[in-house]
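Here's the letter readout for the chains.
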Amino acid sequence: MTSAVEPGTVPGGEPGAAPAELEAHFEATLAHKDRVEPRDWMPERYRRTLVRQIAQHAHSEIIGMQPEGNWISRAPSLRRKAILLAKVQDEAGHGLYLYSATETLGVTRTELTERLVSGAQKYSSIFNYPTLSYADVGTIGWLVDGAAICNQVPLCRTSFGPYGRAMIRICKEESFHQRQGYELLMTMMRGTDEQRAMVQESVDRFWWPSLMMFGPPDDASPNTAQSMAWGIKTHTNDELRQRFVDMTVPQAEALGVTLPDPELAWNEERAAHDFGEIDWDEFWRVVGGDGPCNAQRVAHRKKAWDDGAWVREAATAFARKQEQQQEAA
Ligand SMILES: [Fe+2]
Ligand SMILES: [Fe+2]
């Protein structure tokens, strides 16, 4: 199935340029902070921006299953295994809601998956880092899901209806993810010196990549202004990054870990934390495909997609057969 509504056409109307009336209706919807729905007329650039953003988000959920999935078979107890299984399964669900939201914009899941495995579409750079110890499961829950929450809570009020509604449920599950990570780290911090060292080593590796999850700084993020005007984004990358740092510092103190940034300090005047410069060369390198695990992540996804081809073919054949039977009846 391809696009339900061809770009630039009006459902039930004449194909071609959008009448000024429809454009005005779109602008009024945004001005009232109402949702834009899939059947509504929308500018082609708005549609394309959403496809790119929601698909990238969906891909991140699906690829994000790999680093943690790496530890399911080696969880230290049945309880930890059950928690981790549930968490990784939630991420699969998040990916599916988001692919469904993207499909309402006229692209198929097959097209999106092909764009992911060919490298035409990206996913969050954080998932290109390896998980080297079980403490990473806790750190990812605490920092990576924590950063995701900062990014995603404002998206619950994003202007495109299917995206905003998917985010409401996703955010509820992300808070469970963050708490399970924090609880795991807290348990390890109450354990032996070796366990405390494991937590610290893990936090040292994940802190900076977590800050990179908010994307490039505002002055290097040319699309932000348009996304904010369309109500897709409601906060800039730097605003959200600051919010995350301010939220995380007291949690690190309660946990008893040191965040690996000597410049991290409370700024009385700004009523916010100052922090050191992010290594943007590393960020662009990893986004560009040259992170520690980029090739491995995409190859794994491609293999799973290829291995599942027979299931998709069988399901399509079954649906066709049922249709034929119904027609015959
Ligand atoms: Fe998620
Ligand atoms: Fe999550």
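Please refer to the structure higher up on the page.
Residues numbered from 1 in each chain as written. Chains lettered and ligands numbered in written order. Predicted model: local features only at pLDDT ≥ 70, side-chain atom pairs only at ≥ 80, totals over all residues. Heavy atoms only, no water.

Asker: How should I be thinking about the environment of H59 in this particular structure?
Answerer: By secondary structure assignment, the location of H59 is in helix α2 (residues 44–63). Sequence separation between H59 and R115 is 56 residues, and the spatial gap between their C-alpha atoms is 9.9 Å. Among residues more than four places away in sequence, those in contact with H59 are G64, Y99, L112, L116, Q121, K122 and Y123. (Helix = DSSP H or I, 4+ residues; strand = E, 2+ residues; numbered from the N terminus. Contact = heavy atoms within 4.5 Å.)

Asker: Any chance you could explain the coordination of the iron ion (ligand 1) here in plain terms?
Answerer: A metal bound by six donors in octahedral fashion has ideal angles of 90 or 180 degrees, whereas one bound by four tetrahedral donors has an ideal angle of 109.5 degrees. Distances from the iron ion (ligand 1) to its protein donors, namely E61 (OE), E91 (OE), H94 (ND1) and E174 (OE), fall within the range 2.0 to 2.2 Å. Between the 4 donor atoms coordinating the iron ion (ligand 1), the angles at the centre fall across 85 to 140°, so the site counts as irregular. Positions of the donor residues of the iron ion (ligand 1), expressed as sequence spacing, correspond to E-x29-E-x2-H-x79-E. Taken as a pair, the iron ion (ligand 1) and the iron ion (ligand 2) lie 3.4 Å from each other and share E91 as a ligand. Placement of H94 in helix α4 (residues 78–103) and of E174 in helix α7 (residues 161–189) is noted, with a sequence separation of 80 residues between them. On the basis of relative accessibility, which here comes to 0%, the residue H94 falls in the buried class. Under the relative-accessibility criterion, E174 is labelled buried at 2%. (Donors = N, O, S within 2.8 Å, 3.2 Å for Na, K, Ca; no water. Tetrahedral: all angles 85-135°; square planar, octahedral: opposite > 155°, others 65-115°. Buried < 20%, exposed > 50% of the residue type's maximum accessible area, 1.4 Å probe, protein only.)

Asker: Would you mind going over the packing of helix α6 (residues 135–152) against helix α8 (residues 193–212) with me for this structure?
Answerer: For any two helices packed against each other, the geometry is given by the interaxial angle and the distance between the axes. One can describe the packing of α6 onto α8 by two numbers: an axis separation of 9 Å at closest approach and a directional angle of 30°. In terms of orientation, α6 lies roughly parallel with respect to α8. Here α6 and α8 pass one another in a crossing that is right-handed. The segment α6 lies against α8, with A135, D136, T139, I140, W142, L143, V144 and A147 engaging M198, V199, S202, V203, R205, F206, W207 and S210. Considering only residue class, the contact of α6 with α8 consists of 11 nonpolar, 3 polar and 2 charged. (Axes fitted to C-alpha atoms, helices over the stretch in contact; angles between N-to-C directions. Parallel < 35°, antiparallel > 145°, perpendicular 65-115°, else oblique. Left-handed = near helix turned anticlockwise from the far one by under 90°. Nonpolar A, V, L, I, M, F, W, Y, C, P; charged D, E, K, R; others polar.)

Asker: What exactly am I supposed to notice about the coordination of the iron ion (ligand 2) here?
Answerer: Ligation of the iron ion (ligand 2) by protein atoms is provided by E91 (OE), D145 (OD), E174 (OE) and H177 (ND1), these donors lying 2.0 to 2.2 Å from the ion. One can describe the donor arrangement at the iron ion (ligand 2) as irregular, given that its 4 donor atoms subtend angles of 86 to 157° at the metal. Each donor residue of the iron ion (ligand 2) belongs to the same chain, with the gaps between them written as E-x53-D-x28-E-x2-H. The exposure class of H177 is buried, given its relative accessible area of 0%.

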